[in-house]
Amino acid sequence: MERVFNFSSGPAVLPLEVLKIAQEQMLNYNGSGMSVLEMSHRSSTYLSIIEQTETKFREIMSIPDNYDVLFLQGGASLQFAMVPMNFMVKNKKADYVNSGVWSEKAIEEAQRFGTVNVIASSEDKKYTYYPKITLDMISKDADYVHITTNNTIYGTKCPVIPDTGEVPLIADASSNIMSEVWDINKFGIIYAGAQKNLGPAGLTVVVVRKDLSENIPDNIPTMLNYKTHIDKGSMFNTPSTYSIYIMGLVLDWVIKTGGLKELEKINRDKASMLYDAIDESVLFTAPAVKEDRSIMNVVFVTGKPDLDKKFVTEAKAKGLVTLNGHRSVGGLRASLYNAMPVEGVEALVKFIQKFDKENR
Ligand SMILES: *Cc1c(COP(=O)(O)O)cnc(C)c1O
């Protein structure tokens, strides 16, 4: 069986080991005589799957007890609306940092619910850097500050999680959650679509500090109210059962790999290997400024759309796939999520070097 190196930005590569275990357990999970796909979410077998997934996630991410972990649906995109509905309620004002297309979308949704103050933006330079955020920029009366920790499309990341003082920090961490060690105490809320670094599509993980969910108004539709899901342990209705199960297997793999500290080291090594090849080449450049470069999504260009296209086609023939940039920006992008093996990056580096020599 021939597998490719898949650099997709999401849904993305999963550890081969995870897929093999899922394959083995497909028809008969753990002696239950059925697939997890067929299992009642209320069964004791499934309850143990979701509980273990939460426990392992808390352990890997060092999530303190004063935070709830939720397994929801609707993607990060639904969180763009749920966050302001539930939390832009006291002063009906929030501070947003605009660092790319996903931030723009979050801002657009929040504007439906109150006053959005864009306190920093990198739109002036086509989002090629991460805007600086300092404590004095935060509005005293903001209900929260919202950031995007990693810009999947532009290949930049928030270099240091900012200190927002008394104002809770809410983060869309879809494309770099669980990629490096974070102090969870810096955040009020973290949310992420699972399909980049956690598991399959159809699952959104939300981490909510308990004191924040105490003030949610009750006029919010039941399914859009975080309290509903907190009170019912993500079991108010049927959760995305199979995705949660696969995420559990991914977490087992993370623990086996050595946890977040080890993973962060591997991720940094993979990214610098690729950035070095780009920087040393004649043809390719990475538009993101060095100090804000993403270690998950490496964006690069030749500056010639035809040459970019040729690169994507020839790479594909070598089993290096999904290297095209986001349809809104073009160019090239290699996503190096946790599950991308070092061998994949090495193969890509070799290909870049060869392509560079042949097409100068
Ligand atoms: C992929 C992505 C999204 C959108 O996620 P969906 O789950 O498809 O809604 C939002 N924000 C960031 C940073 C992303 O990378």
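Nothing here was measured: the structure is a model prediction, and the numbers come from that model.

Calculation notes
Residues numbered from 1 in each chain as written. Predicted model: local features only at pLDDT ≥ 70, side-chain atom pairs only at ≥ 80, totals over all residues. Heavy atoms only, no water. Axes fitted to C-alpha atoms, helices over the stretch in contact; angles between N-to-C directions. Helix = DSSP H or I, 4+ residues; strand = E, 2+ residues; numbered from the N terminus. Parallel < 35°, antiparallel > 145°, perpendicular 65-115°, else oblique. Left-handed = near helix turned anticlockwise from the far one by under 90°. Contact = heavy atoms within 4.5 Å. Polar contact = N/O pair within 3.5 Å; in protein donor to acceptor, adjacent residues only side chain to side chain. Near = heavy atom within 4 Å. Areas by Shrake-Rupley, 256 points an atom, 1.4 Å probe, with all protein chains shown as cover. Pairing = 2+ DSSP bridges. Patch = residues over 30% accessible without salt bridge, like charges linked within 9 Å, V, L, I, M, F, W, Y side chains within 5 Å. Salt bridge = Lys/Arg side-chain N within 4 Å of Asp/Glu carboxyl O. Lys, Arg positive; Asp, Glu negative; His and termini not counted. Charge placed at Lys NZ, Arg CZ, Asp CG, Glu CD. Domains from an automatic or database assignment. Nonpolar A, V, L, I, M, F, W, Y, C, P; charged D, E, K, R; others polar.

**Some details on the packing of helix α1 (residues 16-25) against helix α7 (residues 241-257)**
Part 1 of the reasoning: Where α1 contacts α7, the two axes come as close as 9 Å, and the packing angle between them is 130°. On the basis of their axis angle, the class for α1 and α7 is oblique. Our pair here, α1 against α7, has a crossing hand that is right-handed. Facing E17, V18, I21, A22 and Q25 of α1, the residues of α7 in contact are Y242, Y245, I246, L249, V250, W253 and K256.

**Let's talk about the side chain of S174**
Part 1 of the reasoning: Tracing the backbone through its elements, the reader meets S174 in the loop between β8 (169-172) and β9 (189-193).
Part 2 of the reasoning: A distance of 2.8 Å separates the side chain of S174 from the side chain of D172, its partner in a polar contact.
Part 3 of the reasoning: The contacts of S174, once residues within four sequence positions are left out, are A76, Y191, A192, G193 and K196.

**Topic: the site of the ligand**
Part 1 of the reasoning: Looking at the ligand, there are 13 residues lining it, with S77, T152, D172, Q195 and K196 nearest.
Part 2 of the reasoning: Measuring from a nitrogen atom of the ligand, one finds a side-chain N or O atom of D172 at 2.6 Å.
Part 3 of the reasoning: The side chain of Q195 places a nitrogen or oxygen atom 2.9 Å from an oxygen atom of the ligand.
Part 4 of the reasoning: Protein contacts shield 87% of the accessible area of the ligand, which totals 380 Å² for the unbound molecule.
Part 5 of the reasoning: Top contributing element to the shell around the ligand by residue count: helix α3 (residues 75-87), with four residues.

**Some details on unusual backbone geometry**
Glycine aside, the phi torsion of most residues is negative, and most peptide linkages are trans.
Part 1 of the reasoning: Along the chain, G10 connects to P11 via a cis peptide bond; the corresponding omega equals -15°.
Part 2 of the reasoning: By the element assignment, P11 lies in the loop between β1 (5-6) and α1.
Part 3 of the reasoning: With phi around 50°, S62 is a residue other than glycine that occupies positive phi space.
Part 4 of the reasoning: As for its placement among the helices and strands, S62 is situated in the loop between α2 (44-61) and β2 (67-72).
Part 5 of the reasoning: Backbone geometry at T322 places phi at a positive 60°, although glycine is not the residue there.
Part 6 of the reasoning: Here T322 is to be found in the loop between β12 (320-321) and β13 (332-335).

**Brief notes about the sheet that holds strand β3 (residues 93-98)**
Part 1 of the reasoning: Taken in spatial order, the seven strands make up an open sheet running β2-β10-β9-β8-β5-β3-β4, and their pairing is mixed. Each edge of the sheet is formed by a strand with only one pairing partner; in this case those strands are β2 and β4 (115-121). Strand-to-strand twist in this sheet, taken as the mean axis angle between neighbours without regard to direction, amounts to 20°.
Part 2 of the reasoning: Relative to strand β10 (residues 204-209), β2 is paired through six bridges, and the arrangement is antiparallel. Opposite V69, over in β10, you have V207 as the bridge partner.
Part 3 of the reasoning: Packing against the sheet, α2 makes contact with β2 and β10, and its axis sits at approximately 130° to β2.

**Quick word on a negative patch on the surface**
Part 1 of the reasoning: A cluster of like negative charges, contributed by E104, E108, E123 and D124, occupies part of the molecular surface.
Part 2 of the reasoning: For E104, the position within the fold is in helix α4 (residues 101-110).

**Considerations on the domain arrangement of the protein chain**
Part 1 of the reasoning: Domain boundaries in the protein chain define domain 1 (17-256) and domain 2 (259-358).
Part 2 of the reasoning: Each of domain 1 and domain 2 has a C-alpha centre, and the two are 27 Å apart.
Part 3 of the reasoning: On the domain 2 side, the residues contacting the 24 residues of domain 1 number 26 residues.
Part 4 of the reasoning: Between the two partners, domain 1 and domain 2, sit one salt bridge.
Part 5 of the reasoning: Linking domain 1 to domain 2 there are 13 residue pairs in polar contact (both at pLDDT 80 or more).
Part 6 of the reasoning: At three residues, the largest contribution of residues to the side of domain 1 that touches domain 2 is made by α7.
Part 7 of the reasoning: Here the side of domain 1 that touches domain 2 is built from residues that sort into 12 nonpolar, nine polar and three charged.

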